[in-house]
Every structure is written in structure tokens, then in C-alpha cells.
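# Overview (structure and organization)
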Amino acid sequence: MQLEAYLGRDNRIVLPLGSTEQHAYLSLETDNELAERVAIEAAEPLGVPVLPVLAYGVTPRFAAYPGSPSMSQGTYVALLQELTASLQGQGFRRILLVNGHGGNSFAAEQVSGDGVRWHDWWNSPKIRALVDEIDPEGSHASWMENFPWTRLEGVQLPDEHKANLGVIETTDPVEYRKIAGDGSFGGWYARPDEEMLKIWDAGVAEVRDLLESGWG
């Protein structure tokens with residue numbers, strides 16, 4: 001009933017997209033927590049509803065890491081197309097997909113359009129520039145995903161800088177794990193919260209700006 005009343009004055013909604021997968025010393029929920037939280041913090045002051053995060057994505061390369069379930073690209077695209085069509089059928093005309101997992105990004109072109117917009121929150125030019133100022137080698141499961149809400153209690157992180165793995169050519173999950181080791185793709189494992197919150201605030205502001213004026 002609250003959403004019916006909302007649709008009488010607005011037609012925006014946010015669907016966060018994530019993936020449950022290995023993140024080295026961080027939570028398996030890292031991508032989910034970041035996508036959902038950045039969406040909520042951005043949308044709440046605008047009164048725009050945020051759906052629960054879609055917690056599973058496309059991550060076949062991590063199949064050798066327990067707790068990293070995946071789906072095929074075709075299944076993922078079909079799922080997003082059906083979900084967005086369902087929301088449109090209920091009256092939502094501006095749907096922002098806030099994605100937190102790089103393995104999902106291939107779907108952007110296939111599901112965007114007709115009021116559906118895709119945003120890789122961590123990979124915009126603005127956010128990437130902030131990351132590069134601190135550590136250009138920062139990548140998956142490194143400091144750049146190490147926020148207070150993605151850490152695990154009682155887990156000690158290495159105090160070192162891991163060389164960036166670059167592009168890993170193999171698609172075999174077992175070989176992939178041999179190369180990636182603990183799962184971090186490179187960079188420091190942690191940075192001061194002051195730096196992390198600067199990046200976070202920029203990410204929230206960017207999502208909010210898209211909700212306000214990113215519809216063309």
C-alpha cells in the first residue's frame with residue numbers, strides 16, 4: 001500500500017546487484033553489502049525505494065573457492081530482463097541497477113534502456129580516480145573493498161602490498177585459484193578508514209546524482 005501511494009507521485013526504484021563470492025579476508029557478502037548500502041544511503045534522502053540486493057551473479061572463475069555459487073550469463077540476463085519487465089508492469093518507469101560485481105557488468109548493454117539504467121558504482125571515472133590516487137594496483141578483494149561493514153570479526157589481514165595479478169588468462173577454476181592464491185587480485189589489504197570513507201561518500205553522491213538527474 002505504501003508503494004502504491006508512492007507510485008502516485010514518483011516512478012523511480014533501485015535494484016542493487018551483487019554476488020556471493022570469495023573476497024580473500026573479507027566477507028563473502030562484500031559485493032552485496034556494498035551495492036545495497038550505497039544504494040540505500042543515496043536513495044533514502046530522496047524517498048526512493050531500494051529493493052533487496054540480488055545476491056547471486058556471474059562468477060564461474062571462483063568455482064574452486066567454497067561459498068562462491070554462480071549462474072550462466074544467459075540465465076543472469078534473462079533474470080534481470082524478467083525482473084525489470086515485472087517492475088515496469090507495476091508502474092516503475094525509472095529503474096536504476098546499482099551493480100557491485102564486475103562479473104555482472106557484461107549484462108549492462110543487454111538490460112539498459114527503456115527507463116532502465118546500469119551503474120557500476122565502484123568503477124566510475126570519479127571513483128577510480130580516487131582509488132588510483134591511493135594505490136593504482138588496488139583490485140578485487142583488496143583494500144578498495146575493505147570497508148568497516150565488509151570486514152570479518154577476528155580475521156587478521158596481511159600487512160603487505162600484493163602485486164597486481166593483471167589479466168588471468170585461464171578459465172579453469174582450479175588453475176585460477178592457484179594463481180590468485182588468497183583471492184586478492186593485488187594492492188594493499190587495508191587502508192585507513194579516513195581514505196575509505198572519502199571514496200564511499202563520493203560513491204553515494206554519484207548514485208544520488210544519477211537518481212536525481214541521470215535519466216536523460
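Look up a bit, the structure's there.
Summarised in this report is the structure supplied together with it. (Residues numbered from 1 in each chain as written. Predicted model: local features only at pLDDT ≥ 70, side-chain atom pairs only at ≥ 80, totals over all residues. Heavy atoms only, no water.)

One open sheet holds the 3 strands; their spatial order is S1-S2-S3, and the pairing between them is parallel. Two strands in the sheet have a free side with no partner beyond their single neighbour: strand S1 (12–17) and strand S3 (116–120). Each neighbouring strand pair of the sheet contributes to a mean axis angle of 20°, computed without reference to strand direction. As paired strands, S1 and strand S2 (residues 94–99) are joined by 6 bridges and run parallel to one another. By the bridge assignment for S2, Val-14 is matched with Leu-96. Contacting S1 and S2, helix H2 (residues 30–43) runs over the sheet at an angle of about 160° to S1. (Pairing = 2+ DSSP bridges. Helix = DSSP H or I, 4+ residues; strand = E, 2+ residues; numbered from the N terminus. Axes fitted to C-alpha atoms, helices over the stretch in contact; angles between N-to-C directions. Contact = heavy atoms within 4.5 Å.)

Looking now at the packing of aromatic side chains. Per the stated rule, a full pass over the model turns up 11 aromatic pairs. Arranged with centres 6.5 Å apart and planes meeting at 55°, the rings of Trp-121 and Phe-147 form a pair that is tilted. Taken together, the residues span a long stretch of sequence, with Trp-121 in the loop between S3 and helix H5 (125–134) and Phe-147 in the loop between H5 and strand S4 (161–162) at a distance of 26 residues. Judged by its relative accessible area of 3%, Trp-121 is buried. One residue, Arg-37, lies across the ring of Trp-149, its end atom 3.8 Å from the ring centre. (Phe/Tyr/Trp six-rings, centres within 6.5 Å; stacked < 30°, edge-to-face > 60°. Buried < 20%, exposed > 50% of the residue type's maximum accessible area, 1.4 Å probe, protein only. Lys NZ or Arg CZ within 6 Å of the ring centre and 35° of its normal.)

With that out of the way, let us pick up empty space enclosed by the protein. For the structure on display, the rule yields 1 cavity of 30 Å³ or more. Estimated volume of the largest cavity: approximately 40 Å³. (1 Å grid on protein atoms, 1.4 Å probe; cavity = no way out; pocket = protein on both sides within 12 Å on 5 of 7 lines; lining within 4 Å. Points joined across faces, edges and corners; volume = space filled by probe spheres on them.)

What follows covers H5. For H5, the full list of buried residues reads Ile-127, Leu-130 and Val-131. Looking straight down H5, one finds its buried side chains confined to an arc of 100°; they lie on one side. Residues Pro-125 and Glu-133 are exposed on H5 and point more than 90 degrees away from its buried face. The inward-facing, buried residues of H5 abut helix H7 (193–213). (Arc of directions from axis to C-beta.)

At Ala-24, a position not held by glycine, the phi torsion is positive, near 55°. Relative to the helices and strands, Ala-24 is located in the loop between S1 and H2. Owing to a relative accessible area of 24%, Ala-24 belongs among the partly exposed residues under this scheme. Backbone geometry at Ala-141 places phi at a positive 65°, although glycine is not the residue there. By the secondary structure assignment, Ala-141 is in the loop between H5 and S4.

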